[in-house]
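# Coordinate analysis (summary)
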Amino acid sequence: MVDFEKMDEELLKRITTGACLSITGTLAESLGKGQKVEVLVEELEILGDSEADVSKGEVYPLQPKAHSLEFLREIAHLRFRTNTFGAVFRIRHAMTYAMHKFFHDRGFYNIHTPIITASDAEGAGEMFRVTTLDPKNPPLTEDGEVDFREDFFGRQTNLTVSGQLEAELAALALGKVYTFGPTFRAENSNTARHLAEFWMIEPEVAFADLNDNMDLAEANLKYLVQYALDHCADDLAFLNQRALDEEKNKKKEERSEMSLLERLHFVVEHPFERITYTEAIEILEKSKPNKEKKFQYPIQGWGTDLQSEHERYLVEKHFKKPVILTDYPKDIKAFYMRLNDDGKTVRAMDILFPGIGEIVGGSQREERIDYLRKRMQEMHISEQELYWYLDTRKFGTAPHSGYGLGFERLLLFVTGMTNVRDVIPFPRTPKSADF
RNA sequence: UCCUCGGUAGCUCAGCUGGUUAGAGCACCUGACUGUUAAUCAGGGGGUCGCUGGUUCAAGCCCAGCCCGGGGAGCCA
């Protein structure tokens, strides 16, 4: 509250949207509506003018009005200043802290797995090459190929697509470990759920089977959601209202059945549904949309991977809660997953969340070296390159399990935002690495 | 990468079946006002209509290619 007669008019004029002020005054009961208290300004200093050069047609991009998230993404260096992104990134911090607390309180050790890696055999996705060679004039071998022996590490290296294999090494010594770090995928994925650089949490537990793994993951997700409810109430209330306002512009059938806060409470209060892939196929085959041919991809019987529309049906229509799908056919899963006694399925689990899809992917690992070698051969994965991984099976192996949790996908659920690009400060996506 | 919708002022958008000097609200500037809380009153400046090429007497509007963004799909976390 400024007394216009006591303040320098020129000074007041300089206060534009975005300016940084230092104010000294008296806190008093407010006469205005919509607020209880206000500061009666005695001293006012402008620490930082928000100086757009009007003669050049410049403007401070943030205006006192609602901006589209797409526009704010283009000015990611300034979007921290909006109340929406303030709330989102405070929650991101809280979730980071809560993640470490969850694992620490349960006796897990945090392992820093390498970001630059020489292995490219994991099959988790396309990798980014790391090199210091001159792209215009690389050293060549006699065969005319690029000679990576001349490269910085003396071999081809990439950015990691997963810390899992290294985490397994640690788990088979320390017992319970987890990683929490950046992960890179050079896939040309253009969706609201994928980033080229994202953060992943990968716990790995010795002597744990798939059931232990599911229990851990479910507890993990519920703990984080509960932590947000307990510690980020103001920001969640704001985001809840924001989402409700957004929904007003949508058609009735496109609106969600529950508000953000209702969804968070619901997840904490209800057990996740656990079913096998085989049971899921049966449900889908008998489902209404399948019989009425409403699915774009009709259920082709046992063996094929589920499409997004099938996962959404199970989670959003059939069970109406998070679903853990287990025991997938081995042919659609990674080489390190433990083979079941039926010889055709593996001890895999995916956790599917409403509106997000796969938020967790994990498995009980194949600890039996013969089975593991056989799978690697079938999938053309070099034993020489992964000798260090096989060594853990060779020398005193143990049953163990783990999973990967996509941090940004979790944040989508907790914040109610709908695009992963809006829950990471500086998103990296195909054709976009600004700031 | 595929399908689909879109790209008009700093932002959000309008622009009818192609037809004179391309509009609104907000923002910005000037002045007035001042118990104001995102939108007080009056006036003003501001647009190579994504880019390139084509059709036409005439293109913001039609056609082609490209670039960028949204939504959906695939890949996955």
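Structural notes, computed from the coordinates. (Residues numbered from 1 in each chain as written. Chains lettered and ligands numbered in written order. Predicted model: local features only at pLDDT ≥ 70, side-chain atom pairs only at ≥ 80, totals over all residues. Heavy atoms only, no water.)

Turning next to the pattern of salt bridges. If you walk through the whole model with that rule in mind, you get 22 salt bridges. Of the charged contacts in the structure, one is a salt bridge between Lys222 and Glu218, with a shortest N-O distance of 2.8 Å. In this pair, Lys222 and Glu218 both sit in helix H5 (residues 210–231), 4 residues apart, roughly one turn of the helix. Here the two residues Lys222 and Glu218 agree in accessibility, since each one is buried. One salt-bridge network, in which partners are shared between bridges, spans Glu168, Glu204, Arg365 and Arg393. (Salt bridge = Lys/Arg side-chain N within 4 Å of Asp/Glu carboxyl O. Helix = DSSP H or I, 4+ residues; strand = E, 2+ residues; numbered from the N terminus. Buried < 20%, exposed > 50% of the residue type's maximum accessible area, 1.4 Å probe, protein only.)

The next thing to look at is the sheet that holds strand E3 (residues 109–110). What links the strands of a sheet is backbone hydrogen bonding, and the strands pair in either a parallel or an antiparallel sense. Ordered in space as E3-E7-E8-E13-E12-E11-E10-E9, the 8 strands form an open sheet in which the pairing is mixed. Because the sheet does not close on itself, it has two edges, and the strands there are E3 and strand E9 (273–276). As defined by bridge partners, E9 adjoins strand E10 (residues 323–329) across 4 bridges and the pair is classed as parallel. Note that in E10 the partner of Glu273 across the bridge is Val323. Against the sheet, helix H3 (residues 83–105) contacts E3, strand E7 (176–184), strand E8 (197–206) and strand E13 (400–406), and its axis sits at roughly 150° relative to E7. (Pairing = 2+ DSSP bridges. Contact = heavy atoms within 4.5 Å. Axes fitted to C-alpha atoms, helices over the stretch in contact; angles between N-to-C directions.)

Grouped together as the largest cluster of nonpolar side chains are 62 residues, with contacts concentrated most on Met95 and Ile351. For this core, the element with the highest residue contribution is H3, accounting for 11 residues. Discounting residues that sit within four places of it in the chain, Met95 has contacts with Leu224, Tyr227, Ala228, Phe407, Leu411 and Val414. The next biggest cluster of nonpolar side chains, apart from the first, holds 30 residues, and it includes Leu314, Leu325, Leu352 and Ile381. (Core = buried A, V, L, I, M, F, W, Y, C linked by side-chain atoms within 4.5 Å.)

For the rest of this paragraph, the subject is H5. In a regular helix each residue adds 1.5 Å, so 22 residues correspond to 32 Å; H5 covers 31 Å between its end C-alpha atoms and thus fits that length. Two or three places before Asn211, at the start of H5, stands the capping residue Asp209, its side-chain oxygen 3.0 Å from that residue's backbone nitrogen. (Expected span 1.5 Å × (residues − 1). Polar contact = N/O pair within 3.5 Å; in protein donor to acceptor, adjacent residues only side chain to side chain.)

Let's shift gears to unusual backbone geometry. The backbone of Phe207 shows a phi angle near 65°, a positive value even though the residue is not glycine. In this structure, Phe207 sits in the loop between E8 and H5.

Relative to the helices and strands, Asp235 is located in helix H6 (residues 233–248). With relative accessibility at 13%, the residue Asp235 sits in the buried group. Apart from residues no more than four positions distant in its own chain, Asp235 is found in contact with Ala87, Arg90 and Ile91.

Tallied over the full model, the rule gives 21 aromatic pairs. Relative to Trp302, the ring of Tyr277 has its centre 5.7 Å away and its plane inclined at 85°; by these criteria the two rings are edge-to-face. Placement of Tyr277 in helix H8 (residues 277–286) and of Trp302 in the loop between helix H9 (288–291) and helix H10 (308–318) is noted, with a sequence separation of 25 residues between them. In this structure Trp302 comes out as partly exposed when scored by relative accessible area, which is 35%. Here Phe295 and Tyr313 contribute two aromatic rings whose centre-to-centre distance is 6.0 Å and whose plane-to-plane angle is 85°, an arrangement assigned as edge-to-face. (Phe/Tyr/Trp six-rings, centres within 6.5 Å; stacked < 30°, edge-to-face > 60°.)

Quick look at the pairing of E13 now. Among the 7 residues that make up E13, 7 are buried, leaving the element largely enclosed by the rest of the structure. Going residue by residue along E13, you find His400, Gly402, Gly404 and Gly406 tucked away on one face and Ser401, Tyr403 and Leu405 tucked away on the opposite face as well. Pairing of E8 with E13, which is carried by 5 bridges, proceeds in the antiparallel orientation. Considered in E13, the bridge of Val205 is made with Ser401.

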